[in-house]
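Listed here are the chains, written in short residue letters.
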Amino acid sequence: MAINVSTLRALIQPQRDRWPLLFPLAILAGASLWMTAPQSPPPWLVLGGALAAGLGLAASLVSRQGVGPVRFGLAVGFGLLLCAILGGVAGEVRTQGVAAPRLAAPLDDVMLQGHVLDLSQGATRPRMIILVTRLEGVEDPPWRASISTLPDAGMPAGKAVACRVQLAPPDGPIAPHAFDAARSAYFDQVGATGFTLGRCRPDITAPPPNDWNRVLLQIAAWRRALAEAIFAMAPHDGGAIAA
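So, here's what we can say about the structure. (Residues numbered from 1 in each chain as written. Predicted model: local features only at pLDDT ≥ 70, side-chain atom pairs only at ≥ 80, totals over all residues. Heavy atoms only, no water.)

### Concerning the pairing of strand β5 (residues 190-196)
Along any regular strand the residues' side chains alternate between the sheet's two faces. Burial analysis of β5 places five of its seven residues in the buried class, which makes it a mostly covered element. Across five bridges, the pairing between strand β3 (residues 144-148) and β5 is parallel. In the strand pairing of β5, Ala145 is matched with Ala192. (Buried < 20%, exposed > 50% of the residue type's maximum accessible area, 1.4 Å probe, protein only. Helix = DSSP H or I, 4+ residues; strand = E, 2+ residues; numbered from the N terminus. Pairing = 2+ DSSP bridges.)

Spelled out as structure tokens, the structure:
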């Protein structure tokens with residue numbers, strides 16, 4: 001069936017200024033597809049697709065007769081494809097950028113030293129995120145560890161601590177399509193989870209954190225102080241939600 005160019009032009013012309021609004025959605029779609037794919041596509045396929053989409057976009061826009069409705073439609077299609085590929089590349093850059101050491105096997109009754117980055121209340125016990133400086137028996141320890149401790153034994157953010165712990169690599173989902181704790185831990189750069197064997201103690205021998213970790217600890221302390229101030233003014237559920 002022949003394309004009625006005048007009808008196509010009448011449909012496209014009023015939307016010409018709105019098509020760019022689809023480009024951010026294409027970037028998000030590309031990143032989502034990339035992050036949910038079973039494995040990353042080979043680099044040559046990504047580069048070839050981006051090059052083809054870019055050339056198609058340029059060829060659609062360059063015309064001595066101007067950009068007609070068909071060329072405009074092709075330009076939008078190639079532009080969306082290019083944005084989707086760029087979104088996927090951004091997802092891969094993010095994935096590689098947060099890569100951190102991960103515990104290879106469970107450890108039982110080892111000494112962990114570091115600084116408390118965050119303290120939160122779990123379902124039954126407080127949970128601390130520790131910026132690890134030393135882990136007994138591990139040359140390249142995880143950058144962060146998530147450990148639960150005894151009730152009322154949590155240490156405040158910024159505190160240097162030493163704990164006897166039992167650790168394991170972060171677990172994956174317990175059922176198909178269930179919440180993947182290991183994936184969440186990966187993007188939080190948490191390479192070990194576990195619990196304390198007794199109480200943590202202040203570690204006066206801990207080396208000072210590096211400059212970047214010092215910034216993270218200061219931000220964590222500010223957040224904690226703000227949350228406590230909010231909860232003090234509204235001690236019930238509303239304050240907890242706001243904090």
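### Focus on helix α3 (residues 43-61)
Spanning 19 residues, α3 covers 27 Å between terminal C-alpha atoms, matching the ideal 27 Å at 1.5 Å per step. Listing the buried residues of α3 in full gives Val46, Ala53, Gly56 and Ser60. The buried residues of α3 occupy an angular sector of 105° when projected down its axis, which confines them to one face. The exposed residues of α3 that point more than 90 degrees off its buried face are Pro43, Trp44, Leu47, Leu51 and Leu55. (Expected span 1.5 Å × (residues − 1). Arc of directions from axis to C-beta.)

### Some thoughts on helix α6 (residues 211-233)
Taking 1.5 Å of rise per residue, 23 residues should cover 33 Å, and α6 covers 34 Å from first to last C-alpha, within 8% of that figure. Burial in α6 covers these residues: Asn213, Leu216, Leu217, Ala220 and Ala227. Buried-residue contacts for α6 involve β1 (107-121), β2 (126-135) and β3. (Contact = heavy atoms within 4.5 Å.)

### Thoughts on the nonpolar core
Core analysis: the biggest nonpolar cluster contains 18 residues, and Leu112, Met128 and Leu167 have the highest contact counts within it. Residue assignment for this core shows that the elements contributing at least two residues are β1, β2, β3 and β4 (160-168). Listed in part, the seven residues of the second largest apolar core include Leu131, Ala157, Leu217 and Ala220. (Core = buried A, V, L, I, M, F, W, Y, C linked by side-chain atoms within 4.5 Å.)

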